[in-house]
Structure formats: structure tokens, C-alpha cells
Amino acid sequence: MTSTARRSPRFGFAVNAVGVIGASIILFWILVAVFAPWISPYPVGKIVDFDYYGPISSDFWLGTDYLGRDMFSRILMGARYTVGISLASVTIACFVGVTLGMIAAVVGGWFDAVLSRFLDALNSIPALMFGLVVVAAVGSSLTVLILTIATLYAPGSYRFARALAVNVNAMDFVTVARARGEGIIYTIREEILPNIVGPVLADFGLRFVFIVLLLSGLSFLGLGVQPPDADWGALVRENIGGLSFGAPAVVFPSIAIASLTISVNMLIDNLPRRIRDRSE
Amino acid sequence: MNAVIARLVLKRLGIMLLSLLIVAFAVFFATELLPGDVAQILLGQAATPEAVAGLRTAMHLDEPAFLRFLHWLFGLMSGDLGRSYANDREVADLISGRLANSLELAFVTTLFSVPIALTLGITSAMFRGSFYDRMVSVFTVTVISIPEFMVATLAVIIFAVYLRWLPALSVASEVHGIGELLRIYAMPVITLAFVVSAQMIRMTRAAVIDTLNTAYVEMALLKGASRRRIVLRHALPNALGPIVNAMALSLSYLLGGVIIVETIFNYPGVAKLMVDAVSTRDLPLIQSCAMIFCVSYLLLILIADVVAIMANPRLRNQ
């Protein structure tokens, strides 16, 4: 396939302005998540204002919440939970899904058939609902959240990677590698993976968006991150009482969620076709 | 030819039943086999060990997990959904009325969102690359990227707080006349329709554009057919299968959306029942609600598959 796209010498592909904006917002939130404790102006759990649902002021940049805690600090720390949990879950889900998908494509036979049927069935469980079931049964903790979400999104990742890997597996160079007597692990690592890594990364990003939304939804229902800690979804839930008068405490966490998910979508939509080929 | 279709449909049905079995196992596994003693949870911290042991025996918790799974599964199949832990009523009684409410909500939403989404999806594919198309995709990407509860809270702010057109809560108890009915359904339906149709517009547009890229459409273009004729006569019939598939898949988003929307607007449906059951840890009720959601999801997928097979003869030769 010949590509006529302009190439920057560094990465081998060019990203347009919208994509760059998306990427910078994502980078910004990741940095915030890492450095939150050092840059937040007030301790997260401390009540610093006598007024609740306080307005935006020079002391409290994003107002205060329903107990008079500083919203700016809470949103910075919330980034840790939202970005951290989502990133951890999506990494586990994609690692497991993609590895199994490539193995299934290369090995084929009954292994592929059984695994595909089983994971397709798991894929047909609505995510938010299954989250409710698990949280009801075992309670909510960070580990439970991460593992549950990873379990829910691994089958989709498996299906995606397998579909790609099956196509690559039919190529001549894979047959050649087999004829050379290379093992399964070598074939997967050296022949299959390099050829599907672009779409897989795009899929990683989209799955990250779904996970952020699911986590926020769970927290909004009170089943995600538990008080006194709060991710962005939980911040919206806590301050929902301020909704009727448009308190900044309920507006800004929502904006934070939207800015993260929209910029991931913006980045992926503007990746060159060569990379996100086949991704939807 | 009909025999071929019937066989394919039967095969899909078989696959669906198999999936359902696996899903049932997953639900059962998540609720009963993961750590956490149900009897202990039900009786609370202060319970004596004897009381816990007694309840365990009464609830057959001492039997092997596989036997309990079979027992539960056969109960489900014979319509015995078990008794609620929280108020000791038949789960089937609790669910039946709520299910009708949820289905009504889903039906009204479908009625509104499908025509709107189809129109927007097809027209934006027709005028691909235009300002209109870009506006539609900005809108759909935005709605897809924000959580459902945000759409709902925005709807509350706009329609209930600023405009004061609609009530923020919908309690479908006493309905007198069409006007009141509209007011009750309006908020949940608006929210759900937004969420569902964004997905549908995107997928419809992609399906139509896929068919617009084929050789026969290029041929139609070369022989001088108008754009409207190309889209409506040449592309659309071939895109029908993927479009219906897209609609069924998007409608399955109703399931996720419905949980949030029913909770926010306090709508008395199955999802609200389930969220309440989660807070009281009422496992039989949760299991039954979960199974209802999975069955409806699988049914939607089945319908989508069957329609795709009917619409596209090429799929019959698999």
C-alpha cells in the first residue's frame, strides 16, 4: 500500500492540528494525575470554606463543593482515580485480549473455536449491568473495579485483535516463518504483532474512552470509587445537589470527563488512515 | 431457499442459547462464588455463628456450587425466579410490572430515535465532507464521548431548571391524558434518544458510505445518475442489512443508558429495581434483572443477524 501522506521524519507519519490538540489535552491530564498531590493548593479532604457550593474566587479557582472543600484540588486528585483506574483496566484488558487473539489466530482449530464462542458470550453482557452485579456481590474496591472492568473489555479487544491477526496469518511471510520452523511465540511477536500494532493502539484508545465512561457511570451510581476518595464521576454524584443552581462544583468534573474522552476521540479520528485502518 | 434461511436462523438461535448459558454461568459466578458470605451479609455484623449456619442450611448454601447453579438454572427456566431477600416477595411479581414500564420507555425512545437517526445518517453520508456532515459528526462524537448521566443532567438544567417546561422527576403513577403522558416521558426519552441516536447516526453513515465506495455506485455515477438516485436506488438497498444491524446494536445501548436514566429520573423500571436491589444486596432480584437484560440484548443481536441474512443473499452461503 503506497501512502501519499506527508511524513514527518521523526514518527513516520503526520498528525494534523486537531489531533495535536487532542494529544496535548490527554498529556495534560496524565501529568496532572501523576503530580496531583504536589500541585493541588489545599489538602483534598479538608474543609476550607465556610460556604458550601461556593462560587469561583481567587482563593478557590473552581469553587467549593457541598461540604466546602476546594474543588480544584479534588478535581486534580480525581484525575488520579479516573485516569489511573481506566489506564490500568484498559492495559490489562488489551494485553490479555490481544495476546489471546493472536494466539487463537495462529493456533486455530478447536482452541480458537471454543475461546471465540466463550468470549463472544461474555461480550454480550452489558458492561454497566455486570458492574452492578459484581459490586453488589463483593463490594467496591480499587482492585475489584480494575479487574471487573478489565474482564468486561478483554473480550472485545480479543475479537478485534483476532480479526486482524487472522488476516495477517494468511500472508506469505507467516507461511515462510512456519516453514522455517519458527515457534508460536516467535511468529506472534515478530510476524503478527508488528503488522497489527497500529489498529490495536487505536482500539486501545477507544476502549479507554468506553472505560472512562463506564467508570464514571458506576461512580455516579455510587458503586465506583468510594468516599472520601472521589473520581470525576463520584464528584458529580456528590455535588448533584448543586445542579439546580448550576454550581461550579457539579459543572467542572463533568467538563473534566468530557475533555478527556473527547480529546481521545479527536486524536484517534485524526490519526493517519494507515494507522487506524480497520478501526471504527 | 427458505430452508436455507430457516437452517441459518436455527443455527443463530442455537448460538444464542449457548451464549445465554455462558452468561447465566457468569452472572451466577459473579454473585455467588466470589468471596463474601451471603448469609453473613444478610444477617449483618451482630449475627451469632449459629444463626448464620442456620440460614446457610436454609438457603442451600452448603451444597456444592455446581448443584446450586443447576438448581437456579432450572428454576429460571420453569419461571421460578426465587424470592427476594429484602422483602420476601416473589421476584417474578416484583419484576413484571417494572418490566412493562421499562419496555414502554424503550419503545417510545425507539419510535423517536430511529427515524431521526436514519435521516441524519443517510443525509450526512450523501453530503459527505460538507459543512452539514461535519456538524453532524461533531455532534455525534460529542454525545458518544460524554457519559449518559451528563446528557441527563444537561437535559434537567435546560428543560427543567431554565426553561421550566418539564418536571425533573417522572413518576408514572397517575396519568390523565396525552399532555401529562408526554410530560412524564419527555425527559427520560430525550436523554435516551440522544445517547442512542448518536451511535446509530455514526453507524448508519458508515454503512451507507461503505456501499457508496463500490464499483456499481461508480458505474451509476458514470452513467449520469443524480446523487439522490444513486443513494436511494443503488446504495441504500444494499446498505439495508448493515443499517438494521447498526440499529439493533445501538438499541442495545439503551440497556446501559436505561440504568443511568431510570436512576436519575426516578423512573420505576427494571433498571431502577436492579440498582435498588444492589444497595440492599438482594441477590435473587439482581440475578433475575441481570438475566432479563442479557436476554433482551441477545434477542436484539439475533434480530440484527437474521435481518442481515435476509437482506444479503451472500451471507446465506456461509
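In the annotation of an unreviewed UniProt entry, the entry for chain B reads ABC transporter permease, and the organism field reads Jiella sonneratiae. Per its UniProt entry, chain B bears the Sequence similarities (unreviewed entry) comment "Belongs to the binding-protein-dependent transport system permease family."

Looking at an unreviewed UniProt entry, one finds chain A named ABC transporter permease and attributed to Jiella sonneratiae. Check the Sequence similarities (unreviewed entry) section of the UniProt entry for chain A; it says "Belongs to the binding-protein-dependent transport system permease family." For the record of chain A, the UniProt heading Subcellular location (unreviewed entry) holds the text "Cell membrane".

*Asks:* Please give an account of the overall build of chain A that cites residues and values.
*Replies:* Counting secondary structure elements, chain A contains 10 helices and zero strands. Starting at the N terminus and walking to the C terminus, you meet the elements of chain A as α-α-α-α-α-α-α-α-α-α. By its C-alpha atoms, chain A is 75 × 50 × 30 Å across when sized along the principal axes. Across the 280 residues in chain A, those meeting the buried criterion constitute 51%. Of the contacts formed within chain A by residues at least 6 apart in sequence, a portion of 72% connects residues at least 24 apart. Surface accessibility of chain A: about 12900 Å² in total, with carbon and sulfur atoms responsible for 66%. Each charge sign in chain A was given a centre, from 19 positive and 18 negative side chains, and these centres are 8 Å apart.

*Asks:* So what about the pattern of salt bridges? Which residues, and what values?
*Replies:* All chains considered together, the criterion is met by 11 salt bridges over all chains. With a closest N to O distance of 3.1 Å, aspartate 276 of chain B and lysine 272 of chain B form a salt bridge. Remark: lysine 272 of chain B and aspartate 276 of chain B occur in helix H12 (residues 270-280); sequence separation between them is four residues, near one turn of the helix. Classification of aspartate 276 of chain B by relative accessible area gives partly exposed; the value is 33%. When salt bridges that share partners are traced, they join Arg69, Arg74 and Glu238 of chain A into one network.

*Asks:* Requested: an account of the nonpolar core, with residues and values cited.
*Replies:* Membership of the largest hydrophobic core comes to 130 residues, with the highest contact counts inside it found for Trp29, Met129 and Trp232 of chain A together with Ile259, Met274 and Phe293 of chain B. Listed in part, the 16 residues of the second largest apolar core include Val208, Ala220, Ala235 and Ala239 of chain B.

*Asks:* Hey, could you go over the packing of H12 of chain B against helix H13 (residues 283-311) of chain B for me, with residue numbers and the actual values?
*Replies:* Residues and elements named next belong to chain B. Look at H12 against H13: their axes get within 9 Å of each other, and the N-to-C directions meet at 145°. The two elements H12 and H13 cross, and the hand of that crossing is left-handed. Residues Val270, Ala271, Leu273, Met274, Ala277 and Val278 of H12 pack against Leu285, Ile286, Cys289, Ala290 and Phe293 of H13. Of the residues in the contact of H12 with H13, the class split is 11 nonpolar, no polar and no charged.

*Asks:* Give me the confidence of the model for chain B: which residues, what numbers.
*Replies:* Residues and elements named next belong to chain B. Confidence in the prediction of chain B, expressed as mean pLDDT, is 79, and 86% of residues score 70 or more. Of all secondary-structure elements in chain B, the lowest mean pLDDT belongs to helix H2 (residues 38-43), at 67, while helix H6 (residues 131-145) reaches the highest, 88. The ipTM assigned to the predicted complex is 0.77, against a pTM of 0.82.

*Asks:* Which residues make up the interface of chain B and chain A, and what are the values?
*Replies:* In this complex, chain B contributes 41 residues to the contact, which on the side of chain A involves 38 residues. Both sides of the chain B and chain A interface together cover about 3300 Å² of buried area, and 82% of this is carbon and sulfur. The largest per-residue losses of area from chain B upon contact with chain A belong to Ile22, Ser145 and Phe149 of chain B, which jointly make up 16% of the total buried on that side. At the junction of chain B with chain A, the criterion picks out zero salt bridges. Our enumeration of links across chain B and chain A arrives at two residue pairs in polar contact (both at pLDDT 80 or more). Counting only elements with at least two residues in the side of chain B that touches chain A, the list comes to helix H1 (2-33), H6, helix H7 (148-162), helix H11 (253-264), H12 and H13 of chain B. The element best represented in the side of chain B that touches chain A is H1 of chain B, accounting for nine residues. Among the residues forming the side of chain B that touches chain A, the class breakdown is 32 nonpolar, seven polar and two charged.

*Asks:* Provide a residue-level description of the UniProt feature "transmembrane region" (unreviewed entry) in chain B, including the pertinent values.
*Replies:* All names here are of chain B. Mapped onto the present numbering, the UniProt feature "transmembrane region" (unreviewed entry) falls on residues 12-30, 105-127, 139-162, 182-201, 243-265 and 285-311. Secondary structure within residues 12-30 divides into 100% helix and 0% strand; the distance between the first and last C-alpha atoms comes to 27 Å. As annotated, residues 105-127 comprises 96% helix and 0% strand, and the C-alpha atoms at either end are separated by 33 Å.

*Asks:* Can you break down the packing of helix H6 (residues 172-180) of chain A against helix H7 (residues 184-220) of chain A residue by residue, with the values?
*Replies:* Geometry of a packed helix pair, given as the angle between the helix axes and the separation of the axes. All names here are of chain A. At a minimum axis separation of 11 Å, H6 and H7 run at an interaxial angle of 170°. As the angle between them shows, H6 and H7 are arranged roughly antiparallel. Facing H6, whose interface residues are Phe173, Val174, Ala177 and Arg180, H7 presents Tyr186, Thr187, Glu191, Ile192 and Asn195. Across the contact of H6 with H7, the residue classes break down as five nonpolar, two polar and two charged.

*Asks:* So, the environment of leucine 212 of chain B: which residues are in play, and what are the values?
*Replies:* Residues and elements named next belong to chain B. As for its placement among the helices and strands, leucine 212 is situated in helix H8 (residues 177-212). On the accessibility criterion, leucine 212 (18% relative accessible area) is buried. If near-sequence neighbours (up to four positions away) are discounted, leucine 212 is found in contact with Ala125, Val217, Ile230, Val231 and Ala235.

*Asks:* Any details on helix H1 (residues 17-39) of chain A? Residues and values, ideally.
*Replies:* All names here are of chain A. Compared with an ideal rise of 1.5 Å per residue, which puts 23 residues at 33 Å, H1 spans 29 Å between its outermost C-alpha atoms and falls more than 12% short. Turning to H1, its buried residues number three or more, namely Gly19, Gly22, Ile26, Trp29, Val32, Ala33 and Ala36. Those residues of H1 hidden inside the fold are in contact with helix H2 (71-107), helix H8 (232-238) and helix H9 (248-269).

*Asks:* Before we move on, can you summarise the UniProt feature "transmembrane region" (unreviewed entry) in chain A with the specific residues and values?
*Replies:* Residues and elements named next belong to chain A. Taking the UniProt record as the reference, the feature "transmembrane region" (unreviewed entry) is found at residues 12-40, 52-69, 81-107, 127-154, 204-225 and 245-268. As annotated, residues 52-69 has a helix share of 0% and a strand share of 0%, and its two end C-alpha atoms lie 8 Å apart. Annotation note: span residues 204-225, helix share 77%, strand share 0%, distance between end C-alpha atoms 23 Å.

Calculation criteria
- Residues numbered from 1 in each chain as written.
- Chains lettered and ligands numbered in written order.
- Predicted model: local features only at pLDDT ≥ 70, side-chain atom pairs only at ≥ 80, totals over all residues.
- Heavy atoms only, no water.
- UniProt positions renumbered as here; feature names shortened; annotations may be inferred.
- Helix = DSSP H or I, 4+ residues; strand = E, 2+ residues; numbered from the N terminus.
- Buried < 20%, exposed > 50% of the residue type's maximum accessible area, 1.4 Å probe, protein only.
- Contact = heavy atoms within 4.5 Å.
- Areas by Shrake-Rupley, 256 points an atom, 1.4 Å probe, with all protein chains shown as cover.
- Lys, Arg positive; Asp, Glu negative; His and termini not counted.
- Charge placed at Lys NZ, Arg CZ, Asp CG, Glu CD.
- Salt bridge = Lys/Arg side-chain N within 4 Å of Asp/Glu carboxyl O.
- Core = buried A, V, L, I, M, F, W, Y, C linked by side-chain atoms within 4.5 Å.
- Axes fitted to C-alpha atoms, helices over the stretch in contact; angles between N-to-C directions.
- Left-handed = near helix turned anticlockwise from the far one by under 90°.
- Nonpolar A, V, L, I, M, F, W, Y, C, P; charged D, E, K, R; others polar.
- pLDDT = per-residue confidence, 0-100.
- Buried area = accessible area lost by both parts, 1.4 Å probe.
- Polar contact = N/O pair within 3.5 Å; in protein donor to acceptor, adjacent residues only side chain to side chain.
- Parallel < 35°, antiparallel > 145°, perpendicular 65-115°, else oblique.
- Expected span 1.5 Å × (residues − 1).

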